[in-house]
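So you can see what is in the structure, the chains are spelled out below.
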Amino acid sequence: MADQTHRDPREELVEHLGALRAFAMSLTRNSAAADDLVQDTIEKAWKNMDKFQPGTNLRAWLFTIQRNAFYSIRRKAKREVADVDGAMAASLSERPAHDGRLAMNDFRKAFEQLPDEQREALMLVGASGFAYEEAAEMCGVAVGTIKSRANRGRRRLAELMGLDPNEDPVIGDTTNDSVMSASQSRQG
């Protein structure tokens, strides 16, 4: 019976592609770079599947690989400057048709102004639904650090968007999914 509860993790990889793509988009802010990052993540996970411990959180393991890959790429490309004026990024997005109270374009602009650490924390605990403890483990920091980064990120988003400090500017999963779906359908 125990063998049936633990599927081969390789079979589960596809189930996490959407979340990996969303997290990659939040890190790279570029559709093509996000696709490359997801591909690198899956390739590294596949090659290192023997290091994954069955019964643990595969999604957290994949996000950790992706985060590490992103920062490795970033360190290598530190001297490169791409899309300085944001023209390419702006052409890859559009205002979603949803009932949300926030204008997605304003949110995107404000979200892009956050430091990497705050964006990462908000994506992990806000949009991706990880517990603070899981996000802290993935980022290699204390739980309090993740909580602090997420809180500072939320406050800064509210400030940048001119919202009341008590309003939560983070857009929920359904809105995020609709934006990601629209973005992916334009590329396909």
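Provided above is the structure to which this section pertains.
The rules behind these values
Residues numbered from 1 in each chain as written. Predicted model: local features only at pLDDT ≥ 70, side-chain atom pairs only at ≥ 80, totals over all residues. Heavy atoms only, no water. Helix = DSSP H or I, 4+ residues; strand = E, 2+ residues; numbered from the N terminus. Buried < 20%, exposed > 50% of the residue type's maximum accessible area, 1.4 Å probe, protein only. Contact = heavy atoms within 4.5 Å. Core = buried A, V, L, I, M, F, W, Y, C linked by side-chain atoms within 4.5 Å. Domains from an automatic or database assignment. Polar contact = N/O pair within 3.5 Å; in protein donor to acceptor, adjacent residues only side chain to side chain. Axes fitted to C-alpha atoms, helices over the stretch in contact; angles between N-to-C directions. Parallel < 35°, antiparallel > 145°, perpendicular 65-115°, else oblique. Left-handed = near helix turned anticlockwise from the far one by under 90°. Salt bridge = Lys/Arg side-chain N within 4 Å of Asp/Glu carboxyl O.

## Focus on the overall build of the protein
For the protein, the count of helices and strands is 11 helices and 0 strands. Ordered by position from the N terminus, the helices and strands of the protein form the series α-α-α-α-α-α-α-α-α-α-α. The buried share of the protein, reckoned over its 188 residues, is 39%. Considering only residue pairs separated by 6 or more positions, the protein has 66% of its internal contacts joining residues 24 or more positions apart.

## Description of the nonpolar core
Core analysis: the biggest nonpolar cluster contains 46 residues, and Trp61, Leu62, Phe63, Phe111, Leu124, Ile146 and Leu157 have the highest contact counts within it. Counting only elements with at least two residues in this core, the list comes to helix H3 (17–28), helix H4 (31–47), helix H5 (58–76), helix H7 (104–113), helix H8 (116–127), helix H9 (132–139) and helix H10 (143–161). The greatest single-element share of this core, amounting to 9 residues, is contributed by H5. Counting residues domain by domain, this core receives three or more from each of domain 1 (8–84) and domain 2 (96–176).

## Re the side chain of threonine 28
Tracing the backbone through its elements, the reader meets threonine 28 in helix H3. A polar contact is formed between the side chain of threonine 28 and the backbone nitrogen of alanine 34, at a distance of 3.5 Å. Excluding residues that lie within four positions of it along the chain, threonine 28 makes contacts with Ala33, Ala34, Leu37 and Phe70.

## Examining the packing of H8 against H9
Where H8 meets H9, the axes come as close as 9 Å, and the angle between the chain directions of the two elements is 135 degrees. Of the possible angle classes, the one that applies to H8 and H9 is oblique. In this structure, H8 crosses over H9, and the sense of that crossing is right-handed. Between H8 and H9, the contacting residues are Glu120, Leu124 and Val125 on the first element and Tyr132, Ala135, Met138 and Cys139 on the second.

## Focus: the pattern of salt bridges
Summed over the entire model, instances satisfying the criterion amount to 8 salt bridges. Aspartate 35 is paired through a salt bridge with arginine 21; the nearest N and O atoms lie 2.4 Å apart. One end of the pair, aspartate 35, is in helix H4; the other, arginine 21, is in helix H3, and 14 residues separate them in sequence. A salt bridge links aspartate 116 to arginine 29; its shortest N-O distance comes to 3.5 Å. A residue pair is termed long-range when its members are at least 10 positions apart, and aspartate 116 in helix H8 and arginine 29 in the loop between H3 and H4 qualify at 87 residues.

Keep in mind these values describe shape, not function.
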